[in-house]
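# Tertiary structure, described
Now for the letters of each chain:
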Amino acid sequence: MITPDAESLVRDHTVYSCVMGSRAFGLATDDSDTDRRGVFLAPTPLFWRFDKPPTHVEGPAQEQFSWELERFCELALRANPNVLECLHSPLVEQADAVGRELLSLRDAFLSRLAHRTFVRYALGQRKKLEADVRQYGAPRWKHAMHLLRLLASGRDLLRTGRLTIEVGEAREDLLAVKRGEVPWPEVERRMTLLAAENDESAAGSPLPPEPDRARVEDFLIRTRRASVSFPDEG
């Protein structure tokens, strides 16, 4: 019997998985965790029931998180930064035929919507850092590092039309921020500058105004149809 058990959905129906976090960004150090992200395809018969399969699953391993394919596509079409970066991880661990087609659709998800989502997410994180400074006298430096990385990634996406998540030559400067070696006022100045560069890059961006929703929906419908198989009697 096909069941919507979360662990079995991730174990038996994952179509794509990758390593994210510091290891994918090129910012890993000796104490870095290994964050894994994935996409599973819930068998179509599960959607015929009153109780639907989960849209996401935490685990079963530590630092593991997976989305059901439809939810993943919805978030990617909205230019969710975490989901878009998952699609562009250089550390792919698994991709079956469905996963490979999903990866081939990377450009269909990209649009100028990323300007709003990347900067808006960064602004929310910056407010949390500023609250830490007021309360504790210093921000969470690791979070400050990743905020700078995200703003630079968003700016480059808007400028080039390509999402590259590896930080490359910026690694040492970013790790200096993580170690608390860069004064907070200087970190604030960099954040402000990067946010302004995102705004400047948006107007002339080679990205389309909207993602290619029809192309993604065609992929989703075909994939759902192909996964129709009646559950065994049990």
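Each remark here, short or long, concerns the structure printed above.
Overview of the structure. Computed from a prediction, not measured in an experiment: that's the story for all the values here. (Residues numbered from 1 in each chain as written. Predicted model: local features only at pLDDT ≥ 70, side-chain atom pairs only at ≥ 80, totals over all residues. Heavy atoms only, no water.)

## What to know about a negative patch on the surface
A surface patch of negative charge is lined by Asp30, Asp31, Asp33 and Glu63. Mapping Glu63 onto the fold places it in the loop between β3 (56–58) and β4 (64–68). (Patch = residues over 30% accessible without salt bridge, like charges linked within 9 Å, V, L, I, M, F, W, Y side chains within 5 Å. Areas by Shrake-Rupley, 256 points an atom, 1.4 Å probe, with all protein chains shown as cover. Salt bridge = Lys/Arg side-chain N within 4 Å of Asp/Glu carboxyl O. Lys, Arg positive; Asp, Glu negative; His and termini not counted. Charge placed at Lys NZ, Arg CZ, Asp CG, Glu CD. Helix = DSSP H or I, 4+ residues; strand = E, 2+ residues; numbered from the N terminus.)

## Some remarks on the packing of aromatic side chains
Enumeration over the complete set of coordinates arrives at 2 aromatic pairs. Here Phe65 and Trp67 contribute two aromatic rings whose centre-to-centre distance is 5.0 Å and whose plane-to-plane angle is 70°, an arrangement assigned as edge-to-face. (Phe/Tyr/Trp six-rings, centres within 6.5 Å; stacked < 30°, edge-to-face > 60°.)

## Some details on the sheet that holds strand β1 (residues 14–20)
Taken in spatial order, the 5 strands of this open sheet run β3-β4-β2-β1-β5, and their pairing is mixed. Lying at the two open borders of the sheet, with one neighbouring strand each, are β3 and β5 (92–95). Between one strand axis and the next, the sheet turns through 15° on average, direction left out of account. Sheet topology places β1 next to β5; 3 bridges connect them, and they run antiparallel. Bridge pairing in β5 places Cys18 opposite Val92. Helix α1 (residues 6–13) rests against β1, β2 (35–40), β3 and β4 of the sheet, and its axis sits at about 90° to β1. Taken strand by strand, helix α3 (residues 69–77) contacts β2 and β4, and its axis lies near 90° from that of β4. (Pairing = 2+ DSSP bridges. Axes fitted to C-alpha atoms, helices over the stretch in contact; angles between N-to-C directions. Contact = heavy atoms within 4.5 Å.)

## Some words on the nonpolar core
The biggest cluster of nonpolar side chains holds 58 residues, and the ones touching the most others in it are Leu69, Phe72, Leu84, Leu102, Phe109, Val187 and Met191. With 9 residues, helix α8 (residues 141–160) is the single largest residue contributor to this core. Residues in contact with Leu69, not counting those within four places in the same chain, are Val39, Phe40, Leu41, Val98, Leu102, Phe219, Leu220 and Thr223. Core analysis: the next-biggest nonpolar cluster, separate from the first, contains 6 residues, Leu9, Val10, Ala42 and Leu46 among them. (Core = buried A, V, L, I, M, F, W, Y, C linked by side-chain atoms within 4.5 Å. Buried < 20%, exposed > 50% of the residue type's maximum accessible area, 1.4 Å probe, protein only.)

## Considerations on the pattern of salt bridges
Summed over the entire model, instances satisfying the criterion amount to 17 salt bridges. Of the charged contacts, one joins Arg155 and Glu197 as a salt bridge, the two residues approaching to 2.8 Å between their closest N and O atoms. Of the two residues, Arg155 sits in helix α8 while Glu197 sits in helix α10 (residues 184–203), which places them 42 residues apart along the sequence. Just as Arg155 is buried, Glu197 falls in that class too. Salt bridges here are not isolated pairs; linked through shared partners, they connect Glu68, Glu70 and Arg224.

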